[in-house]
Amino acid sequence: MSLLALCLLWFSADALAERDVRIARDADTIRIDARLRVDVHHHIAWQVLTDYDNLARFVPGLLTSRIVSEPGAPLLLQQTGQSGFLWLTLPIEVVVQIVEIPLEAIRFSAVSGTLKSKSGEWRIEAQGDATLLIYRASIVPGFWIPPLIGTAMMGQDVRSKLVGVANEMTRRAAAAQPGKSGPEVYR
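Residues numbered from 1 in each chain as written. Predicted model: local features only at pLDDT ≥ 70, side-chain atom pairs only at ≥ 80, totals over all residues. Heavy atoms only, no water.

1. Focus: the overall build of the protein
Point 1. Assigned secondary structure in the protein consists of four helices and eight strands.
Point 2. Reading the protein from its N end, one meets helices and strands in the order α-β-β-α-α-β-β-β-β-β-β-α.
Point 3. The buried share of the protein, reckoned over its 187 residues, is 43%.
Point 4. Sequence-distant contacts, at least 24 apart, represent 51% of the contacts inside the protein between residues at least 6 apart.
Point 5. Per element, the accessible surface of the protein, about 9900 Å² overall, is 56% carbon and sulfur. (Helix = DSSP H or I, 4+ residues; strand = E, 2+ residues; numbered from the N terminus. Buried < 20%, exposed > 50% of the residue type's maximum accessible area, 1.4 Å probe, protein only. Contact = heavy atoms within 4.5 Å. Areas by Shrake-Rupley, 256 points an atom, 1.4 Å probe, with all protein chains shown as cover.)

2. Things to note about the nonpolar core
Most often, soluble globular proteins have nonpolar side chains that are buried together.
Point 1. In terms of nonpolar packing, the biggest core is built from 41 residues, with Ile 32, Leu 49, Ile 98, Trp 122, Leu 133 and Met 169 touching the most fellow members.
Point 2. Per element, the largest residue contribution to this core is eight residues, and it comes from helix H4 (residues 150-176).
Point 3. When sequence neighbours within four positions are dropped, the list of residues in contact with Met 169 reads Val 38, Val 40, Ile 44, Ala 45, Val 48, Leu 49 and Leu 133. (Core = buried A, V, L, I, M, F, W, Y, C linked by side-chain atoms within 4.5 Å.)

3. Things to note about the pattern of salt bridges
Point 1. Following the criterion strictly, the structure yields ten salt bridges and no others.
Point 2. Notably, a salt bridge pairs Asp 39 with Arg 37, separated by 2.7 Å at the nearest N-O pair.
Point 3. Assessed through its relative accessible area of 56%, Asp 39 is described here as exposed.
Point 4. Among the ionic pairs, Glu 168 bridges to Arg 57, the shortest N-O distance being 3.7 Å. Taken as a pair, Glu 168 in helix H4 and Arg 57 in helix H3 (residues 55-58) lie far apart in primary sequence, 111 residues in all.
Point 5. Accessibility expressed as a relative area gives 54% for Arg 57, which makes it exposed.
Point 6. One continuous salt-bridge network, built from bridges that share partners, spans Asp 51, Arg 57, Glu 168, Arg 171 and Arg 172. (Salt bridge = Lys/Arg side-chain N within 4 Å of Asp/Glu carboxyl O.)

The following block contains the structure:
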């Protein structure tokens, strides 16, 4: 893929992500509602979102991501990373329990880490050859976040992560079968 195509992909995904990310803060709870339409088949979207051990390769700010549960046990995912804005960088460490509804939703709930609580879900909705990604989360940090820049920091962090995920989906779709997208990839 050419540098120009990558730049266009980056800016178009970033603009869309920015329009559809809403952050609300109520006392200590931060609520996130984000939507992003990606021009990939929903099977590819699902593959990327459930590639738990490789998420740190393409999600900005995520340093490690690995499954720590035994096969057959409830799925536990350990992640470390950082969230930041301007000069402020906050380390994040969390273990979440994952519940998958194949090709529809990934629900998560923190069981330990630096966050007091974190719960939410990723939803994927097939829209022809495209997929609508919906990310909702409710987070209570276990550390102080400045009131004036906290929502801006979280908004920038979520936008960055959405763009990273969307770019990986697009990269995998292009790599699956050059010149084909959507359901054609699976025929």
